[in-house]
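Tertiary structure, described
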Amino acid sequence: MTAQIIDGKQIAGTLKDKIAAAITERSHAGLPVPGLATVLVGNDPPSQIYIKNKIRTCQELGIHSFSHTFPEETTQAALEELVLALNDDPLVHGILIQLPLPPHLDTFRLLSRINPQKDVDGIHPINAGLLSRKEGTPWFIPCTPAGILYLIQTVTPDISGLEAVVIGRSAIVGMPTAQLLCRHDATVTICHSKTRQLPDICRRGDIVVAAVGKSHLVKAAWIKPGAIVIDVGINRTPDLADPRGYHITGDTDFEAIRQTAKAITPVPGGVGPMTIAMLMQNTLTAAIRI
Ligand code: GUN
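Before going into details, it helps to say that this report is about the structure given with it. Predicted model, so just to flag it, every value in this text is computed and none were measured. (Residues numbered from 1 in each chain as written. Predicted model: local features only at pLDDT ≥ 70, side-chain atom pairs only at ≥ 80, totals over all residues. Heavy atoms only, no water.)

Considerations on the site of the ligand
Close contacts around the ligand come from Leu96, Ile97, Gln98, Leu99, Asp121, Thr144 and Ile172, and that covers them all. A distance of 2.8 Å separates a nitrogen atom of the ligand from a polar backbone atom of Leu99. Coverage of the ligand by the protein amounts to 84% of the 280 Å² it exposes when considered alone. Classifying every residue of the shell around the ligand gives 4 nonpolar, 2 polar and 1 charged. (Near = heavy atom within 4 Å. Polar contact = N/O pair within 3.5 Å; in protein donor to acceptor, adjacent residues only side chain to side chain. Areas by Shrake-Rupley, 256 points an atom, 1.4 Å probe, with all protein chains shown as cover. Nonpolar A, V, L, I, M, F, W, Y, C, P; charged D, E, K, R; others polar.)

In structure tokens form, the structure reads like this:
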């Protein structure tokens, strides 16, 4: 079997077109333009690129973006003060604090200061808690997990009863992805750095989500023939032939896995574009609710 390549760029493009149309319709009806505040602390190069892409996409879709950039040594108090001001700002419907933050800052405490109704990242403890309860309805679902589910459902709309293996347990991707798939009635196993027999567990998966940040970790022999493989990795692999000095690789051995899987996401052009599209969708949703 040669795998279907799940074209996240194209799927995200269609979604963004719909979001842009909805925003135009709102403005014709005299309704407020959605507003997204982004917060970037320090000089982490990937974070700078992600924020630039998010702001550019806001502009493309007609969302107001309010960009706040702070030096590495910024204090917790200054950031908490900003978040409280953004909570009160009627032009700001969504707040996104780019992670990771420098180690001297208390990330959990800062995220907890965001108004959960403006938490378009779905990472406030209330939203994270509601996601973990099947009867709960979070205000927002985290963007990358929402994008992952969307991509899976383009291949298999009903994942009920399927075995899903999620490799990685981060607060922003692995854990909420596992919870989201569980809410959709998949049987979910979460693997992490202490997991034993990772290849054996992976081979059980009808769906495998790799979100560890280790280039080419997941091998073809770990994948059940016919599985859906979602690669969340964005790893910088040194490459002197590339003008940037690196190229981006995923967490899976894409070329080998595509010979046996049912479907696989490429890196780049798979999950990455969906994360941004879902952020735009969440920001529009936040504006609609107010
Ligand atoms: N860093 C990497 N991915 C994300 C994301 O989806 N949201 C935030 N806030 N930070 C990130």
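So, the sheet that holds strand E7 (residues 207–210)
The parallel open sheet is built from 6 strands, whose spatial order is E1-E11-E8-E7-E5-E6. This sheet does not close on itself; its edge strands, each paired only once, are strand E1 (4–5) and strand E6 (187–191). As paired strands, E1 and strand E11 (residues 263–264) are joined by 2 bridges and run parallel to one another. Bridge assignment links Ile5 to a residue of E11, and that residue is Ile264. (Pairing = 2+ DSSP bridges. Helix = DSSP H or I, 4+ residues; strand = E, 2+ residues; numbered from the N terminus.)

Let's talk about the packing of helix H2 (residues 45–61) against helix H10 (residues 271–289)
Contact pair H2 / H10: the axes reach a minimum separation of 10 Å and the direction vectors enclose 55°. Classified by the angle their axes make, H2 and H10 are oblique. Once H2 is placed against H10, the crossing between them reads as right-handed. Between H2, through Asn53, Lys54, Thr57, Cys58 and Leu61, and H10, the contact on the second element is made entirely by Ile276, Leu279 and Met280. By residue class, the composition of the contact of H2 with H10 is 5 nonpolar, 2 polar and 1 charged. (Axes fitted to C-alpha atoms, helices over the stretch in contact; angles between N-to-C directions. Parallel < 35°, antiparallel > 145°, perpendicular 65-115°, else oblique. Left-handed = near helix turned anticlockwise from the far one by under 90°. Contact = heavy atoms within 4.5 Å.)

Digging into the packing of helix H1 (residues 8–28) against H2
Across the interface, H1 lies against H2 with an axial gap of 9 Å and an inter-helix angle of 55°. Comparing the axis directions of H1 and H2 gives the class oblique. When H1 is examined against H2, the residues Lys16, Ile19, Ala20 and Ile23 are found in contact with a partner set consisting of Thr57, Glu60 and Leu61. Partitioned by chemical class, the residues of the contact of H1 with H2 number 4 nonpolar, 1 polar and 2 charged.

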